[in-house]
Amino acid sequence: MKVAEAVGRALYAAGVGQVFGVVGSGNFHLTNAMVAAGSRFVAARHEGGAATMADAYARMSGTVAALSVHQGPGLTNAMTGIAEAAKSRTPLLVLAAEVTEPRSNFYVDQDALARSVGAVSARVTSAEDAVTQALDAVRRAVCERRTVLLNLPLGVQALDVPDDVSTLAVVPPERAPVEPEFTDVEALARVLEKSRRPVFVAGRGARSPGARDALAALAERHGALLATSAVARGLFHGDPWSLDVSGGFASPLAAELIQEADLIVGWGCALNMWTMRHGRLIGPDTTVVQVDDDASALGAHREVHLGVTGDVELTARRALETDDANRQSQQGEQARQGQQSQDAGQGFRTADTGEAIAARVRWRDVPYEDTSTRERIDPRTLSIALDDILPAERVIGVDSGNFMGYPSMYLSVPDENGLCFTQAFQSIGLGLATAIGAALARPDRLPVAALGDGGAMMGAAELDTVRRLGLPMVVVVYNDDAYGAEVHHFGPDGHPLETVEFPPTDIAAVARGYGFEAVTVHTRADLKAVEDWLVGPRSAPLLIDAKVVADRGAWWLEEAFRGH
C-alpha cells in the first residue's frame, strides 16, 4: 500500500469524513483514497472556494473537515480561505501535496505560507511514520482547535508503507473540556453576587446547547441580560432577556443597556474591538470578566478584572453550584441568628427593561425612513421582507461589504447554527462558499447566501457548485454596482470614485447561465417571485439580484473603518 492510500484511510478512520478541494496530479491519489474509505468529497471550482466551504462545514457541523489541494498554486489559491479559518481557530486539516525541489515550477515555501496566516504546519516525512504523522495533524486540529497544513511530499506519497503500519488502529481524537480552577470559580461567583446590572456576552466558545442552557440558568440567577458576538448570533434566540448581538451590529437599545452594565462577562468571547465597539460599550466603572478555555485568550484584546481559564459550560455550571453552596451556608447562618433569608436581586430584569427589549431590541423594530424608489429598494425594506417570506429554519452565509449588516441583523436565525459568519479576515468573496459549506453541514435547513455585488462576482464560479450539488439555495445579492464600503468611506471627502464603481451588471442573467432560477428586484412587489419559488418544487436554486439604494453607508460602516 502506498503512503497516499494509507494516509487517506487513516484520516477517514480518525473522523475526517468531509473533504473539499480541487484535484490535481499531486492530490489525486490521496483524495481518491479518502473517498474509497468513506469520506465525502465536494469538488469546488476554485481552491479559495473549497477552503471556505471546508471552514464553514467544520464550524456548523462541529467536526473536523479537510481541504485537499495541489502543490504550489493549489495551495496559494486557497490561502485567503485558510487565513480566515486560521484566524477563527477552525479545526481544519489542509492536505497539500508538496514538491521539495526548489527549481520546480510548483515550489513555494509551504511552511512559511502556513505560518504567515497563523496556521500550524506539519509534514509527512517517511513511509514508516506517515500514518502517525497524519493522525497527529488531526489530533492538533481537533484538540488545539487549529487549522493545520499537512504537507505531503510527492516522493513520500509514492512510497510503500510497511504492512504493520497500514493496519494501524485509529481512535478519533476528542477535545477534553477544560475544568476551571476552584478559586477562579469562587472569584467569579463573588463578582456576580455583587453585580446589580450584569450582562453576559457569549462568543464562539459558547456555541453549544449545553453552554447555552448553563449560561441562561446562571443569568436568570443573577438577573443578567444576554448578548452574543456576531459569530454566536442566535444562541439565545427566543429568550425574552436577549439583546441579540453586542458590538457594531447592536441595535440602539442593546448598545444602551450594555453601556449601563456594572459587570460584563465574556463567555468564550474575545471582547474585541468589534464586539465592544472599541471599548465604548464598557462603562468607566464596569467590571470586565472573561471566561475562555484558552488561557492565552484572556485579556488579549483588553484589560480584564478577572480571567477564568475553563470551558464555558463547565464554568457556568460550577458557578451555579458555588452559588447554591454559598446560599445554603448563608441561609443556615441567618436561620441560626433568627434572620429572614433574602432572594437574589432581579438585576437588569425589570418589567420596564423587559418591555423595552420586546418592543425595540430588534433592528427591524427600529423606525427608519424608507428610501426605496421605483428602481431601487432600501436594503432594510428588502431584508425585512425576506425575513417574513423565507422559512424560519434557515442557515445563512454572509459575505463582507457595506451591505453585510442588513442580512446579518435583519434576517432572524433559529439558533447558534443559523448564521455562519466568516469575517475574521474580512475578505470579500467568501460568502457564497460559506453558504455552501454551511448548507452541507445543515441539510435540514434552507441555505441562504447574502452577498454584495462585488463578492458575488468574485465567487461566481461556485454558483456551478451550488447547481451541481442540487442545493435548494437562495442567493441574495445586495447590488449597488460598487464596492459600497469604499464609496461611502471616501466619497464624502470628495475623492474620485471611478475605481470602486462599476457599470450595472445583470447578475440574474449570470445566474441563469449557471442553471439558477433568477429574479431581479427593484421594489417590494418583485419579491412575489421568491414566494412562488418557495412554494415549489425548488428544482433549481434561486438568485435574487436586488438593486439596492446606494444613498448612504450602513450604520456599522463607521465602526468598521475605525479598525483599520
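Just above, that's the structure.
I will try to describe carefully the structure that is included in this document.

The helix and strand inventory of the chain stands at 23 helices and 18 strands. Relative to its length of 564 residues, the chain is compact, with a C-alpha radius of gyration of 25 Å against a globular reference of 24 Å. Taking the principal axes of its C-alpha atoms as reference, the chain extends roughly 80 × 65 × 45 Å. Relative to its full complement of 564 residues, the chain shows a buried share of 57%. Carbon together with sulfur atoms contributes 50% to the accessible area of the chain, which is approximately 23000 Å² in total. Distance from the positive charge centre (50 side chains) to the negative charge centre (72 side chains) of the chain: 1 Å.

A few words on the pairing of strand E4 (residues 92–98). For E4, a buried count of 7 out of 7 residues is recorded, marking the element as mostly surrounded by other parts of the structure. Residues Leu-92, Val-94, Ala-96 and Glu-98 of E4 are buried on one face, and the alternating residues Leu-93, Leu-95 and Ala-97, pointing to the opposite face, are buried as well. Pairing of strand E3 (residues 65–69) with E4, which is carried by 5 bridges, proceeds in the parallel orientation. Directly across from Val-69, in E4, lies its bridge partner Ala-96. As defined by bridge partners, E4 adjoins strand E6 (residues 147–153) across 7 bridges and the pair is classed as parallel. Residue pairing across strands places Leu-92 opposite Thr-147, the latter belonging to E6.

Across the 11 residues that make up helix H15 (residues 379–389), a large majority, 10, are buried. Burial in H15 covers these residues: Pro-379, Arg-380, Thr-381, Leu-382, Ser-383, Ile-384, Ala-385, Leu-386, Asp-387 and Ile-389.

Turning our eyes to something else, we now look at the sheet that holds strand E14 (residues 419–420). As summarised here, the arrangement of the 6 strands in space is E14-E13-E15-E16-E18-E17, forming an open sheet in which the pairing is parallel. The two strands at the open ends of the sheet, each matched to only one other strand, are E14 and strand E17 (517–521). Of the pairings in the sheet, the one linking strand E13 (residues 394–398) to strand E15 (residues 446–452) comprises 5 bridges and is parallel in character. Directly across from Val-395, in E15, lies its bridge partner Pro-447. Each of E13, E14, E15 and strand E16 (474–479) is contacted by helix H17 (residues 431–441), which is oriented at about 170° to E15, the strand it contacts most.

Attention now moves to the packing of aromatic side chains. Applying the stated rule across the entire model yields 11 aromatic pairs. Summarising the aromatic geometry, the rings of Phe-249 and Trp-555 are spaced 6.3 Å apart at their centres and angled 55° between planes, so their arrangement reads as tilted. A residue pair is termed long-range when its members are at least 10 positions apart, and Phe-249 in the loop between strand E9 (242–245) and helix H12 (252–259) and Trp-555 in the loop between strand E18 (542–547) and helix H23 (557–562) qualify at 306 residues. Under the relative-accessibility criterion, Phe-249 is labelled buried at 9%. Owing to a relative accessible area of 24%, Trp-555 belongs among the partly exposed residues under this scheme. Grouping aromatic residues by their ring pairs yields a cluster made of Phe-249, Trp-363, Tyr-406, Tyr-410, Phe-421 and Trp-555.

Further remarks concern helix H3 (residues 47–61). Here H3 contains 15 residues, and its C-alpha end-to-end distance of 21 Å stays within 8% of the 21 Å for a straight helix at 1.5 Å per residue. In terms of burial, H3 is a largely internal element, 14 of the 15 residues being buried. Two residues or fewer after H3 comes Gly-62, characterised by a positive phi angle close to 75°.

Where helix H1 (residues 3–13) contacts helix H2 (residues 28–37), the two axes come as close as 8 Å, and the packing angle between them is 45°. Considering their axes alone, H1 and H2 lie oblique with respect to each other. In this structure, H1 crosses over H2, and the sense of that crossing is right-handed. Across the interface between the two elements, Ala-4, Glu-5, Val-7, Gly-8, Arg-9, Leu-11 and Tyr-12 from H1 touch His-29, Leu-30, Ala-33, Met-34 and Ala-37 from H2. A per-class count over the contact of H1 with H2 returns 8 nonpolar, 2 polar and 2 charged.

Another aspect to go through is the nonpolar core. Counting residues in hydrophobic clusters, the biggest one holds 54 residues, and the most contacted among them are Leu-67, Ile-82, Leu-432, Met-473 and Val-475. With residues up to four places along the chain from it excluded, the contact list for Leu-67 reads Phe-20, Gly-21, Glu-47, Ala-50, Ala-51, Ala-54, Ala-78, Ile-82, Leu-92, Leu-93, Val-94 and Leu-95.

Enumeration according to the criterion identifies 38 salt bridges in this entry. The salt bridge involving Arg-394 is made with Asp-387; its shortest N-O contact spans 2.7 Å. On the accessibility criterion, Arg-394 (2% relative accessible area) is buried. Note that Arg-552 is salt-bridged to Asp-551, the shortest N-O span being 3.8 Å. Several salt bridges converge on common partners, so that one network encompasses Glu-393, Asp-415, Arg-442, Asp-444 and Arg-445.

What follows concerns the sheet that holds strand E1 (residues 18–21). Spatially, 6 strands are ordered E2-E1-E3-E4-E6-E5 in an open sheet, and the strand pairing comes out parallel. Unpaired on one side and paired on the other, strand E2 (40–43) and strand E5 (120–123) mark the two borders of the sheet. Here the strands of the sheet are splayed against their neighbours by 25° on average, with no regard to which way each runs. Both E5 and E6 contribute to a ladder of 4 bridges, which runs parallel. When the bridges of E6 are listed, Ser-121 appears paired with Leu-149. Lying on the sheet, H3 is in contact with E1, E3 and E4; it crosses E3 at an angle near 170°.

Residue position: Val-131 is located in helix H7 (residues 130–143). In sequence terms Val-131 and Asp-551 are 420 residues apart; their C-alpha atoms lie 58 Å from each other. Setting aside residues up to four positions removed in sequence, Val-131 forms contacts with Ala-6, Ala-10, Val-165 and Leu-168.

Examined against the element boundaries, Thr-353 turns out to sit in helix H14 (residues 351–360). On the accessibility criterion, Thr-353 (13% relative accessible area) is buried. At a separation of 2.9 Å, a polar atom in the side chain of Thr-353 contacts the side chain of Thr-350. When near neighbours in sequence (up to four residues on either side) are disregarded, Thr-353 contacts Leu-225, Trp-241, Leu-257 and Phe-348.

What counts, and at which threshold
Residues numbered from 1 in each chain as written. Predicted model: local features only at pLDDT ≥ 70, side-chain atom pairs only at ≥ 80, totals over all residues. Heavy atoms only, no water. Helix = DSSP H or I, 4+ residues; strand = E, 2+ residues; numbered from the N terminus. Rg over C-alpha atoms; globule rule 2.2 N^0.38 Å. Buried < 20%, exposed > 50% of the residue type's maximum accessible area, 1.4 Å probe, protein only. Areas by Shrake-Rupley, 256 points an atom, 1.4 Å probe, with all protein chains shown as cover. Lys, Arg positive; Asp, Glu negative; His and termini not counted. Charge placed at Lys NZ, Arg CZ, Asp CG, Glu CD. Pairing = 2+ DSSP bridges. Contact = heavy atoms within 4.5 Å. Axes fitted to C-alpha atoms, helices over the stretch in contact; angles between N-to-C directions. Phe/Tyr/Trp six-rings, centres within 6.5 Å; stacked < 30°, edge-to-face > 60°. Expected span 1.5 Å × (residues − 1). Parallel < 35°, antiparallel > 145°, perpendicular 65-115°, else oblique. Left-handed = near helix turned anticlockwise from the far one by under 90°. Nonpolar A, V, L, I, M, F, W, Y, C, P; charged D, E, K, R; others polar. Core = buried A, V, L, I, M, F, W, Y, C linked by side-chain atoms within 4.5 Å. Salt bridge = Lys/Arg side-chain N within 4 Å of Asp/Glu carboxyl O. Polar contact = N/O pair within 3.5 Å; in protein donor to acceptor, adjacent residues only side chain to side chain.

Note that every value here comes from positions in space, so none of it alone points to a role or purpose.
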